[in-house]
Amino acid sequence: WLWNQDIEPSSDYGDFKAGLYRYIDPAFEAYFLDRQATARIRLDEIRWGGVRQDGIPPLRNPKMIAAEEAEYLEDDNVVFGITVNGDARAYPKRILAWHEMFTDTIGGTPIAGVYCTLCGTVIPYRTEWNGKSFTLGTSGFLYRSNKLMNERATQTLWSTERGEPVLGPLVDKGIRLAFESVVTTTWGEWKRRNPGTTVLALNTGYQRDYGEGAAYRDYFGDDELMFNTPFSDQRLAHKREGLALRFAGAPKQQLAIDTEYLRSNPVYTNRIGQQEFIVLTDVTGANRVYDPETVTFIRYDGRDKATDSTGGNWTVSEESLVSDSGQTLQRLPYHRAFWFGWHAAFPQTELVK
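Read on for a plain summary of the structure. Note that the structure is a prediction, hence the values are computed from the model and not measured.

Each value, and the rule that gives it
- Residues numbered from 1 in each chain as written.
- Predicted model: local features only at pLDDT ≥ 70, side-chain atom pairs only at ≥ 80, totals over all residues.
- Heavy atoms only, no water.
- Helix = DSSP H or I, 4+ residues; strand = E, 2+ residues; numbered from the N terminus.
- Rg over C-alpha atoms; globule rule 2.2 N^0.38 Å.
- Buried < 20%, exposed > 50% of the residue type's maximum accessible area, 1.4 Å probe, protein only.
- Contact = heavy atoms within 4.5 Å.
- Lys, Arg positive; Asp, Glu negative; His and termini not counted.
- Charge placed at Lys NZ, Arg CZ, Asp CG, Glu CD.
- Pairing = 2+ DSSP bridges.
- Axes fitted to C-alpha atoms, helices over the stretch in contact; angles between N-to-C directions.
- Core = buried A, V, L, I, M, F, W, Y, C linked by side-chain atoms within 4.5 Å.

**Description of the overall build of the protein chain**
Part 1 of the argument: Across its full length, the protein chain carries seven helices and 28 strands.
Part 2 of the argument: At 20 Å, the protein chain has a C-alpha radius of gyration in line with the 20 Å of a compact globule built from 353 residues.
Part 3 of the argument: If one aligns the C-alpha atoms of the protein chain with their principal axes, the spans along those axes are about 65 × 45 × 45 Å.
Part 4 of the argument: In the protein chain, which comprises 353 residues, the proportion classed as buried is 54%.
Part 5 of the argument: Taking all contacts inside the protein chain whose residues are at least 6 apart in sequence as the whole, residues at least 24 apart take part in 61%.
Part 6 of the argument: Side chains of the protein chain carry 39 positive and 47 negative charges; the gap between the two charge centres is 2 Å.

What follows is the structure, given as structure tokens:
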């Protein structure tokens, strides 16, 4: 009820939060002290998630191994696949769920892969912006059940879904991190498509139960929320996965597409703003999004080949669609999210189901 009221907090509310939360972790004080004027989200909606700063430890430059060395993985295990400049890497859900973030260099590009387990979202952000490099971590706080990151040098809080500062000295600097695509698929299908892939080693330096499905077993097993949000939208179940789409050219428009709908419609086309896109959904239910330019696609075999309206054949890869004649259509950024988490971050989002 309170979060749906237009209430202006007292002028010392930020300092109150700083004084309160420093008793949990002294590092928390810097998030709020003398920073109320910089807030771009409601301070009363910033709530503690139950851990200290980096209490869920990010994997910093984690060890990667070749696919044939990953004997701990079964073919049906869920992985998050990321490819940058031809460098294909797999991050198993069974490991990443215990750490919720990794920092790595993929294809020569510094990346922070942020996994908000509560809202079902993995987003690989480029951590360089206008020549500046940012070191991101886990703040310990949430906004509408979405993980808030922190930037180490200034202790600025960042939105996970938006990739931009929301509280602290980096606010209003025009910073918005670009992000890469991520494919949610099975280990067997990922390594078939990407035989040269590397994958996280099981030896992370931490002691966790990295068995498939062990992390957040109860939370993922039902539709109940651990942290409530101001909204309740029943068009989809809370934790129903949607393909989440937003493009830099249309910052005020967002779209969620029910992944079960995409399973039934493996060739799906639409547009956001001026950007047309096509979603190809393979036999495992994994989605890949591309810019079709002027090409109309009519079929997809669910594996490696798509067909256009002229009968032309296209090879489906992680970073592009390539025709038999050599034409290339580029991938567009995308990820998945639980419906409630995406809707909480973007209440005006459109939904296709």
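Now that the structure has been shown, we can carry on.
**Overview of the pairing of strand 17 (residues 241–245)**
Part 1 of the argument: Within strand 17, four of the five residues are buried, leaving the element largely enclosed by the surrounding structure.
Part 2 of the argument: Pairing between strand 17 and strand 27 (residues 335–338): four bridges, direction antiparallel. For Leu243, the partnering residue across the bridge sits in strand 27 and is Arg336.
Part 3 of the argument: Sheet topology note: the strand 17/strand 18 (residues 255–258) ladder contains four bridges and is antiparallel. The residue of strand 18 that forms the bridge with Leu243 is Ile257.

**Points about the sheet that holds strand 8 (residues 121–126)**
Part 1 of the argument: Read across the sheet, four strands follow the order 2-6-7-8 without closing on themselves; strand pairing throughout is mixed. Where the open sheet ends on each side, the last strands, each with one partner, are strand 2 (59–60) and strand 8.
Part 2 of the argument: Taken together, the six bridges between strand 7 (residues 109–116) and strand 8 define a ladder with antiparallel strand orientation. Each residue of the ladder has a partner; that of Val114, found in strand 8, is Ile123.

**Some details on unusual backbone geometry**
Part 1 of the argument: At Asn85, a position not held by glycine, the phi torsion is positive, near 50°.
Part 2 of the argument: Position of Asn85 relative to the elements: it lies in the loop between strand 4 (78–84) and strand 5 (87–92).
Part 3 of the argument: The phi dihedral of Arg144 is positive, around 55°, even though this residue is not glycine.
Part 4 of the argument: Summarising the element assignment, Arg144 is placed in the loop between strand 11 (136–143) and strand 12 (146–151).
Part 5 of the argument: Of the residues examined, Arg144 reaches a relative accessible area of 14% and is grouped as buried.

**So, the sheet that holds strand 28 (residues 350–352)**
Part 1 of the argument: Ordered in space as 27-17-18-28, the four strands form an open sheet in which the pairing is mixed. The open sheet has two free edges, formed respectively by strand 27 and strand 28, since each of these has just one partner strand. Direction aside, neighbouring strands of the sheet carry axes that sit 35° apart on average.
Part 2 of the argument: The sheet contact formed by strand 18 and strand 28 spans three bridges and is parallel. Looking across to strand 28, one finds that Ala256 is bridged to Leu351.

**Describing the nonpolar core**
Soluble globular proteins tend to pack their nonpolar side chains together in the buried interior.
Part 1 of the argument: In this structure, Trp187, Leu245, Ile257 and Phe277 are the most contacted members of the largest nonpolar core, which totals 47 residues.
Part 2 of the argument: The element best represented in this core is strand 4, accounting for four residues.
Part 3 of the argument: In this structure Trp187 touches Ala67, Ala70, Leu73, Glu74, Asp75, Asn77, Val79, Ala90, Thr197 and Val199, once residues within four positions along its chain are discounted.
Part 4 of the argument: In terms of nonpolar packing, the next biggest core, distinct from the first, is built from 16 residues, Ala18, Phe28, Phe32 and Leu157 among them.

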